[in-house]
Structures are given as structure tokens and as C-alpha cells.
Amino acid sequence: MDQLHLSPISKVDGTVNVPGSKSLSNRALLLAALSNGETHLTNLLDSEDIHHMLNALTKLNVSYRLSECKTQCWVTGNAGVFNVPEPVTLFLGNAGTAMRPLCAALACSQGEFELTGEPRMEERPIGALVDSLLQAGADIDYLKNAGYPPLSIKGHALKGGSVTVDGSVSSQFLTALLMSAPLFENDTTIVISGDLVSKPYIDITLHTMAQFGINVENQNYQQFVVKGQQQYQSPGHFMVEGDASSASYFLAAGAIKGGTVRVTGIGKNSIQGDIRFAEVLEQMGAKVNWQDDFIEVTSAPLTAVDLDMNHIPDAAMTIATTALFATGTTSIRNIYNWRVKETDRLAAMSCELRKVGATVEEGEDFITITPPQQLLHAEIDTYNDHRVAMCFSLVALSDTAVTINDPGCTAKTFPDYFDRFATICK
Ligand SMILES: O=C(O)C1=C[C@@H](OP(=O)(O)O)[C@@H](O)[C@H](O)C1
Ligand SMILES: C=C(OP(=O)(O)O)C(=O)O
């Protein structure tokens, strides 16, 4: 197995331009494919999750052209649902932003589709989305375990109407329904049952849909009304913001060992909820400079926080390793769904944080972290989870080295993460 050894880093300083947002790239690609007209996407993320969406679009007969550097894409829209005469199998890796939205879009398209993925994808729930699509009239079967991929979908026009979706495990189920509901035959009212998690991702969805010409009535995140028989309209050009979750590692490094670290590609008005990560750093004591086209963090002594981080589930992992540099016990709360992501992240983070010497309490939906006097050198297992690999790079900002096992797993969202990280290490 590949390993990366990071020696102690005494200071970080500089500017990083983060690659495009995963969430926006995959939403924009799908909506561009369903749209009327050609869309020119710029600053598209070039990573595994996006390749899975692009490969799926190829199999769905969508025509697009990628620039050589793969960060620009011209998509010729279908002007409506997909229409595929032969049965197709789409392999979607472990990309939630491909699996869930495509499941809904294909349920209302013409054709027979099998959606498969990596072994971990077969353990990530999709039952709540399938249940709600069945209410709308879909024909979907589980090929292995009920409630989980792989799926078999017999696509046909969906009626819509009143549909309930459980929002308590993943916001991606609601995102998937919202993006497909304009293509249903009738108006659709989506009623949320359970407490909706990861709410800011719904704002990303609604914002992206609006850029493609579709507005949704949002009744306080409890109910959404979407008119049927609509068509997405290409905005012509769609610029993908930098990825705010990817920014979190650099911003945290600035807070821990700046100097000052500036991240460009995002700014104070970014649509991604994960920019709120910098507010947590502020609460821990770091100095944050919020501008329209960058966010900059300067270090200061950090103290522990005790916060609900349901709104920033991905960036919250970066707080778990930042906590190793804060005085006191940091508590990250209301993050049950860490358990159903790339790995069981509550178990994985607890285990790896203990290896570097932290005292950790792992609850069903929270984690508390108390740093040791002196961090210990450890080989960090990454569980095929890009974020475990990236957030543990911060350990090297101590006077202790860290070894990251299988660093290549960052390819899911950030293939050259460790090279970019090296550019701010002085
Ligand atoms: O909609 C999205 O783009 C995402 C939603 C979040 O998932 P959950 O809603 O499952 O928390 C997040 O963790 C994931 O990385 C991306
Ligand atoms: C949870 C994540 O990914 P996915 O889009 O596959 O859900 C993530 O990127 O942290």
C-alpha cells in the first residue's frame, strides 16, 4: 500500500486557489444535460466523483466536449429527460452526488437502467429516495439488499403529486427529488418527514436550479412545491465556485500554524454552506478576513468549541483534527450521518484520533476530542475516505510527523491535495 510521510511543518503561509466544487459540478452537469441549449461549464472539478457523472452522461447519449485540462465542458442539452433505447448499466463509484440525483432523473426518463457502485456504495442508504419516487409512480427494484444500491430502474413519465421524503439521513434524497420534479407530469408537493439534515446543500440545489431557469417554492424547508412539465433552460455559461469543503484544510492550517493562508475561488457570498467552517475557526480564536473573492485565516491561540455541526458535515471533519491544536475539549454534535458516508466516519475518526494520542468520546451522533500534551506519530488508516486522508495532514503542523496510508484516496474530490498542501508549507 502507498504511504505518504509528512514531516513536521513549522509554518504555513500563502495562497491556494481551490478546485471547483464537487456539489456544484455534478448538479450543473446533470441540469445542463437536461436543459434546452448548450451550457459552457468552467472551473469544473476534475476528480473521480465528477468522472462518474460524466461517464454516466456518455452512456445516456448526452453529447459534451471536455477541454484538455478537463475543467471546462460544453454540454449539449437534451431539452428534457433521457431517452435510451438499449438497457444500460451505470457504475457510479462511491459518488453520492451522482447516485442519488441520477436515480431520480432516470426514474422519469425513457429506458432501462442499472445503477451500481463500489462495495461501500452498496452500504449507503437510498431507500428513502426510492420510497418517495415510488409514491410519484416510479418503477425501481433493489438488485441486492432492500434500501441500498444496486438498483434497477424502468424509466417512464412520472405523475408527481404529493410525495413525502425522509430528510433525516441525507439531504441528497431531497436534492434528487427537487431536481427531477420539474420534469414530472403534474405539480409536485414534496413534504419532508424527520428533521432535514445538511440543509445548506438544499440551498445549493435550489440556487443551481434557479440558474437553469427553474424556481421552487420553499415553505420553510418543510414542504417544497415544484410545478410540473417544465424545461430547464441553459444559462449559457455556468461558472463552478471553488470547493468550500476542500478549502477547509488550508483554512485550518492557517488557523493552526499561520502566517496567513488565503483561499481563493470562494468568498463570503459563496452559495456553499461549508464556508461557515471559517466561522467555527473564528469561534476557536483564529482571525478570519472575509472578502468577496477570498477567505483568509491568520493563526491565534485556539480554544475548544462545543457546536452542532449538522450544517457543515464534511468540513466538520476538519474541525475534528483542528481540535488537536485547541485548548480544551471540542465537541462536534448532531453528525449521525457521518456513519453513512464514505466510511463510518464517527468510528474512523475516533480510532485514528486515538492513535495520535487524543482522548476521544464517540457517541451515536457526536464526537468529543481532547488533545494530548504531545501528539504521537501514527500511521493513519484512511478507509478509502478522501476526507480522513486530508484532515489528518494537519497533524504534521505539530512537532510530530504523520504517515497517511493510501493517500491516493483523495482522488474522489481532490486528486492533487497533497501537492497543493505542500505549496503553503514553509
Ligand atoms: O448534496 C451534496 O452535494 C452533498 C450533501 C452532503 O451529504 P448529506 O446530505 O448526505 O449529508 C455532503 O456530505 C456531500 O458531500 C455532498
Ligand atoms: C459525503 C461525501 O460524499 P458523497 O457526495 O459521496 O455523499 C463527501 O464528499 O464527504
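Residues numbered from 1 in each chain as written. Chains lettered and ligands numbered in written order. Predicted model: local features only at pLDDT ≥ 70, side-chain atom pairs only at ≥ 80, totals over all residues. Heavy atoms only, no water.

- As recorded in an unreviewed UniProt entry, the protein goes by 3-phosphoshikimate 1-carboxyvinyltransferase and comes from Paraglaciecola arctica BSs20135.
- We quote the UniProt Subunit (unreviewed entry) comment for the protein here in full: "Monomer."
- UniProt, in the comment section headed Pathway (unreviewed entry), describes the protein in these words: "Metabolic intermediate biosynthesis; chorismate biosynthesis; chorismate from D-erythrose 4-phosphate and phosphoenolpyruvate: step 6/7." (UniProt positions renumbered as here; feature names shortened; annotations may be inferred.)

**Here's the deal with helix H4 (residues 127-135)**
Now for step 1: When we look at burial in H4, the residues that qualify are Gly127, Leu129, Val130, Ser132 and Leu133.
Now for step 2: Taken from the residues just after H4, Gly137 is the one with a positive phi, measuring 110 degrees. (Buried < 20%, exposed > 50% of the residue type's maximum accessible area, 1.4 Å probe, protein only. Helix = DSSP H or I, 4+ residues; strand = E, 2+ residues; numbered from the N terminus.)

**Focus: the site of ligand 1**
Now for step 1: Taken together, Lys22, Ser23, Arg27, Thr97, Ser170, Ser171, Gln172, Ser198, Tyr201, Asp314, Asn337 and Lys341 make up the full set of residues near ligand 1.
Now for step 2: Here an oxygen atom of ligand 1 sits 2.5 Å away from a polar atom, N or O, in the side chain of Ser171.
Now for step 3: Side-chain polar atom of Lys341 to an oxygen atom of ligand 1: 2.6 Å apart, as the coordinates give it.
Now for step 4: Relative to its free-state accessible area of 390 Å², ligand 1 is covered by the protein chains to the extent of 95%.
Now for step 5: Classifying every residue of the shell around ligand 1 gives one nonpolar, seven polar and four charged.
Now for step 6: Split by domain, the shell around ligand 1 shows at least three residues from each of two domains, domain 1 (3-19 + 242-424) and domain 2 (22-221). (Near = heavy atom within 4 Å. Polar contact = N/O pair within 3.5 Å; in protein donor to acceptor, adjacent residues only side chain to side chain. Areas by Shrake-Rupley, 256 points an atom, 1.4 Å probe, with all protein chains shown as cover. Nonpolar A, V, L, I, M, F, W, Y, C, P; charged D, E, K, R; others polar. Domains from an automatic or database assignment.)

**Here's the deal with the packing of helix H1 (residues 22-34) against helix H3 (residues 96-107)**
Now for step 1: Where H1 contacts H3, the two axes come as close as 10 Å, and the packing angle between them is 25 degrees. By the angle class used here, H1 and H3 are roughly parallel. The hand of the H1/H3 crossing is right-handed. Here H1 contributes Lys22, Asn26, Arg27 and Leu30 to the contact with H3, which in turn contributes Thr97, Ala98, Pro101, Leu102 and Ala105. (Axes fitted to C-alpha atoms, helices over the stretch in contact; angles between N-to-C directions. Parallel < 35°, antiparallel > 145°, perpendicular 65-115°, else oblique. Left-handed = near helix turned anticlockwise from the far one by under 90°. Contact = heavy atoms within 4.5 Å.)

**Some points on helix H8 (residues 277-284)**
Now for step 1: Three or more residues of H8 are buried, namely Phe277, Ala278, Val280, Leu281 and Met284. Buried residues in H8, looked at end-on, bunch into an arc of 155 degrees, giving them a common side.
Now for step 2: Just downstream of H8, Gly285 is the residue with a positive phi angle, here 120 degrees. (Arc of directions from axis to C-beta.)

**So, the site of ligand 2**
Now for step 1: Lining the immediate surroundings of ligand 2 are 14 residues, of which Lys22, Gly96, Arg124, Arg387 and Lys412 lie closest.
Now for step 2: Between ligand 2 and Arg345 there is a distance of 2.9 Å, counted from an oxygen atom to a side-chain nitrogen or oxygen.
Now for step 3: A distance of 2.6 Å is found between an oxygen atom of ligand 2 and a side-chain nitrogen or oxygen belonging to Arg387.
Now for step 4: Coverage of ligand 2 by the protein amounts to 98% of the 290 Å² it exposes when considered alone.
Now for step 5: Those elements giving two or more residues to the shell around ligand 2 turn out to be H3 and helix H11 (386-392).

**With respect to the packing of aromatic side chains**
Now for step 1: For the structure on display, the rule yields eight aromatic pairs.
Now for step 2: A ring pair is formed by Tyr249 and Tyr417, whose centres lie 5.5 Å apart and whose planes are at 70 degrees; its orientation type is edge-to-face. Placement of the pair is Tyr249 in helix H7 (residues 244-257) and Tyr417 in helix H12 (residues 417-424), with a sequence separation of 168 residues. Of the two residues, Tyr249 and Tyr417, both sit in the buried class.
Now for step 3: When the centroid spacing of 5.6 Å and the interplanar angle of 45 degrees are considered together, the rings of Phe250 and Tyr417 count as tilted. (Phe/Tyr/Trp six-rings, centres within 6.5 Å; stacked < 30°, edge-to-face > 60°.)

**Focus: the UniProt feature "binding site: phosphoenolpyruvate" (unreviewed entry) in the protein**
Now for step 1: Those residues carrying the UniProt feature "binding site: phosphoenolpyruvate" (unreviewed entry) are Lys22, Gly96, Arg124, Gln172, Arg345, Arg387 and Lys412 in this numbering.
Now for step 2: In this fold, Lys22 is placed in helix H1.
Now for step 3: The contact partners of Lys22, leaving out residues within four places of it in the chain, are Leu45, Asp49, Ile50, Thr97, Asp243, Asp314, Arg387 and Thr413.
Now for step 4: Note on placement: Gly96 falls in helix H3.

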